[in-house]
Amino acid sequence: QVQLVESGGGLVQPGGSLRLSCTASGNIASIVGMGWNRQVPGKQRDLVAAIGSDGTINYADSVKGRFTISRDNAKNTLYLQMNSVEPEDTATYYCYMNVRDPTYRLLEVWGQGTLVTVSS
């Protein structure tokens, strides 16, 4: 079984910065893709940033130039550095990872979500 644990959410003022972390644990052979989505109540969950299996990075247009996604393979950890945050960034942020277990099954695993509130 694979689990993702998120941390780093909270209250931040407009223009401020925040870093989210997402650490995977369990029976992991490899991680082939990962990313961050966000969701506000009553709306669908939208992609914020992702790292593909080939290392390609994609960002939602609304966060380009402000957010940076990165990974630490040794720690099985994914990060989202959020700079110049705006009230519109307020949402619950969810990480996900596409993981191969030791039997080579491909699993899509989600974190529990961490709330980010941008407000003065």
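That block above? That's the structure.
Residues numbered from 1 in each chain as written. Predicted model: local features only at pLDDT ≥ 70, side-chain atom pairs only at ≥ 80, totals over all residues. Heavy atoms only, no water.

1. A short note on the sheet that holds strand 1 (residues 2-7)
Spelled out, the test is: Only when DSSP finds a minimum of two bridges between them are two strands counted as paired. Going along the chain from the N terminus, every DSSP run of H or I of four or more residues is numbered as a helix, and every run of E of two or more is numbered as a strand. Every axis in this analysis is a line fitted to C-alpha atoms, fitted for helices over the stretch in contact. Angles between the N-to-C directions lie between 0 and 180 degrees.
Taking strand neighbours across the sheet as the criterion, the four strands line up as 1-3-8-7 in an open arrangement whose pairing is antiparallel. Two strands in the sheet have a free side with no partner beyond their single neighbour: strand 1 and strand 7 (67-72). Along the sheet, successive strands turn relative to each other by an average axial angle of 15°, direction set aside. The pairing of strand 7 with strand 8 (residues 77-82) spans six bridges and is classified as antiparallel. The residue bridging R71 from the neighbouring strand is L78, located in strand 8.

2. Here we look at the nonpolar core
One recurring pattern in soluble globular proteins is that nonpolar side chains are buried together. Here is the rule: Nine residue types can take part in a nonpolar core, namely buried Ala, Val, Leu, Ile, Met, Phe, Trp, Tyr and Cys, and a core is a set of them joined through side-chain atoms within 4.5 Å. Burial classification: accessible surface area is computed with a 1.4 Å probe over protein chains only, and a residue below 20% of its type maximum counts as buried, one above 50% as exposed, and the rest as partly exposed. By definition, residues are in contact when any of their heavy atoms lie within 4.5 Å.
One finds W36, L78, L80, Y93 and M97 to be the most contacted residues of the largest nonpolar core, which totals 28 residues. Contributions of two or more residues to this core are made by strand 1, strand 3 (18-26), strand 4 (30-39), strand 5 (46-51), strand 7, strand 8, strand 9 (91-100) and strand 11 (114-118). Of the residues forming this core, the biggest block, five residues, is contributed by strand 9. Among residues more than four places away in sequence, those in contact with M97 are L4, C22, A24, I31, G33, M34, N76, L78, L107, E108 and V109.

3. As for the pairing of strand 5
Of the strand pairs in this sheet, strand 4 and strand 5 are connected by five bridges, and their pairing is antiparallel. In the strand pairing of strand 5, R38 is matched with D46. With three bridges connecting them, strand 5 and strand 6 (residues 57-59) associate as antiparallel partners. Each bridged residue has a counterpart across the sheet, and for A49 the counterpart in strand 6 is Y59.

4. Side note on the pairing of strand 3
Examined bridge by bridge, strand 1 and strand 3 share six bridges and lie antiparallel to one another. Considered in strand 3, the bridge of V5 is made with T23. Judged from the six bridges that link them, strand 3 and strand 8 form a sheet pairing that is antiparallel. Within strand 8, the position partnered with L18 by the bridge is M82.

5. Overview of the pattern of salt bridges
Test applied: Salt bridge, as used here, is a side-chain nitrogen of Lys or Arg placed within 4 Å of a carboxyl oxygen of Asp or Glu.
In total, this model carries five salt bridges according to the counting rule given. In this structure, the salt-bridge partner of K64 is D61, at a minimum N-O distance of 3.1 Å. Classification of D61 as exposed rests on a relative accessible area of 64%. Notably, a salt bridge pairs D89 with R66, separated by 2.8 Å at the nearest N-O pair. In this pair, D89 is assigned in the loop between strand 8 and strand 9 and R66 in the loop between strand 6 and strand 7, connecting sequence segments 23 residues apart. By relative accessible area, D89 is classed as buried at 1%. Judged by relative accessible area, R66 falls into the buried class, the value being 12%. Through salt bridges with shared partners, one network takes in R38, R66, E86 and D89.

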